[in-house]
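Structure assessment
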Amino acid sequence: MTNNDKEKQPLLSSINNEDDNGATINIVEPVPWYSNIPQKIKNSMSKETITILVYVVLYVTSGVINSVLLKKVMNKFTNYAFFLSQLTNFGYVPIFGAVTAYKIFFTNDIPKETRDFPTRKFAIMGALDAITGFFVVIGGVSTSGPLQQLLNQAIIPFTMIASFIFLKERYSLIQLGGALVIIGGVVTSLIPSLVGGSSGGNKPFWNFFYLLSVIPGALSNVYKDIGFQAVEDMDVWYLQYWDSLYQSIFGIFLFPVNNWLPPPATVKFEQILPFMKEGAECLAGINSIIPSYINGTSSFTANSCTYQPDATIICDDCHNAWIVIILYMTINIVYNIFILLVLKHAGATVYSIANTLRLPLTNIVFSIHFIMGSAVSPFSPLSIAGLIIILLGLGGYRVGSMLKQKKAAAAGGAIKVIPSYGPAGMDNIIPVQKDYIERKSDAHLRNQFFGKLGINVPEARYRAANNNNYGDA
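One structure accompanies this document, and this report is about it.

Comments concerning the packing of aromatic side chains
Evaluated as defined, the whole model comprises 24 aromatic pairs. With a centroid separation of 5.9 Å and 45 degrees between ring planes, the pair formed by Y80 and F275 is classed as tilted. Residue Y80 is found in the loop between helix 3 (47–76) and helix 4 (81–106), and its partner F275 is found in helix 13 (residues 272–283); the two are separated by 195 residues along the sequence.

Structure follows, in structure tokens:
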């Protein structure tokens, strides 16, 4: 028997032997179950499957890197959090503006109907995202990376509450149970900070300040569902240009809040210009807040800053700050592109599984010393317990959401997602799959009125009149 014949053997192969009388006896020899696994995997790996796997791996990888870089950026600008908040807002405006201008003048990707979309809706979305980003950056400076990831999951129950109030959305018992478990995990994660046994520079006031970001974040999610309900294909670059522009404008008006915040976020009104100047110097790698030593010794003076994360005054560490911020903004854009690619090619179910997997992977990276350096956050029993509880809650919530989406898909619903860039970006919600009721055009309503008066209007005229005009919200 040749090697080629052996490869073509069935699962149960026959072996011909002869007995003592010369009669042929067929003996069936079982083939091990695992022998065909490589071939089965090879057969199942179609080009489409490989593409999806690549997108999912790149999404998870870029998501982990995005979270780590955001924390590293916060550590670089510890004393200039408001400057960082505005830097990340204004930094995206020229990027999205350039792409949008190219699309408008050299392509047909952004038609007149899209450009006619009411900009006031972008302004509302930008205002909510500006508030979200403010809480994230200001509070994130004194909130460890792992705790940030766990607190972010609170966006789910808060969005559910906002959706219930403003959208009259109803949730299954599985979803409600998952949300309650998530809340329990968040509370468990906060216990070390509250009792003073937390590491990574966690401070209770700033931890709760960071947690407050989920409130405007949840309202932003709900408004996107309302304001963009009738939009079938809003160009992402066009949307993000207006969002980042309004986010930058509204972010400026949040500055007075810093006057009443405790250190390191305190910035008095008369200090705004020196503060922004020092923030710009930090971006260039120049330290302004440096340690003060007792003459002839290596000991700090009483009023000196230190490099300890739990210190009242933390010394600047602005070395290569501009490199870290550029890397973060680049990865952040790449990460959001992969969100859209995974949703487009794999669907909401695969996206949800990958997003859940990203949480523990990110927290593991935060515990690796050679990656995080002095900002490393080792696991504690309560942080592990909080992570496990939140993962269980996420699993329950997303199973309930997938069952709900399956019903919506059967009714012809469509998946919609509007990514958010920068610190305000929160992508922990499974994209809603539902039917979007489009507003009837004025011409359609007029033809309908004529029909009620007994004036015959052809059906083709109804269809032509309904040109998908954007409604008000």
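Points about the pattern of salt bridges
For the coordinates displayed, the defined rule picks out 4 salt bridges. Between D317 and K76 there is a salt bridge whose closest N-O contact spans 3.8 Å. In this pair, D317 is assigned in the loop between helix 13 and helix 14 (321–345) and K76 in helix 3, connecting sequence segments 241 residues apart. By relative accessible area, K76 is classed as buried at 16%. Residue K277 is joined to E281 by a salt bridge in which the shortest nitrogen-to-oxygen separation is 2.7 Å.

Remarks on the state of the cysteines
Taken as a whole and assessed by the stated rule, the structure comprises 2 disulfides. Covalently, C282 is tied to C318 through a disulfide, its sulfur atoms 2.1 Å apart. Across the S-S bond linking C282 and C318, the dihedral sits near -100 degrees, which makes this disulfide left-handed. With C282 in helix 13 and C318 in the loop between helix 13 and helix 14, this residue pair connects regions lying 36 residues apart in the sequence. For C282, a relative accessible area of 0% corresponds to the buried category. Paired through a disulfide, C305 and C315 show a sulfur-sulfur distance of 2.0 Å. Across the S-S bond linking C305 and C315, the dihedral sits near 100 degrees, which makes this disulfide right-handed. With C305 in the loop between helix 13 and helix 14 and C315 in the loop between helix 13 and helix 14, this residue pair connects regions lying 10 residues apart in the sequence. The two residues C305 and C315 agree in class, both being buried. Here the disulfide map of the protein chain reads 1-4, 2-3, the bonded cysteines being numbered as they appear in the sequence.

Basis of the calculations
Residues numbered from 1 in each chain as written. Predicted model: local features only at pLDDT ≥ 70, side-chain atom pairs only at ≥ 80, totals over all residues. Heavy atoms only, no water. Phe/Tyr/Trp six-rings, centres within 6.5 Å; stacked < 30°, edge-to-face > 60°. Helix = DSSP H or I, 4+ residues; strand = E, 2+ residues; numbered from the N terminus. Salt bridge = Lys/Arg side-chain N within 4 Å of Asp/Glu carboxyl O. Buried < 20%, exposed > 50% of the residue type's maximum accessible area, 1.4 Å probe, protein only. Disulfide = S-S within 2.5 Å.

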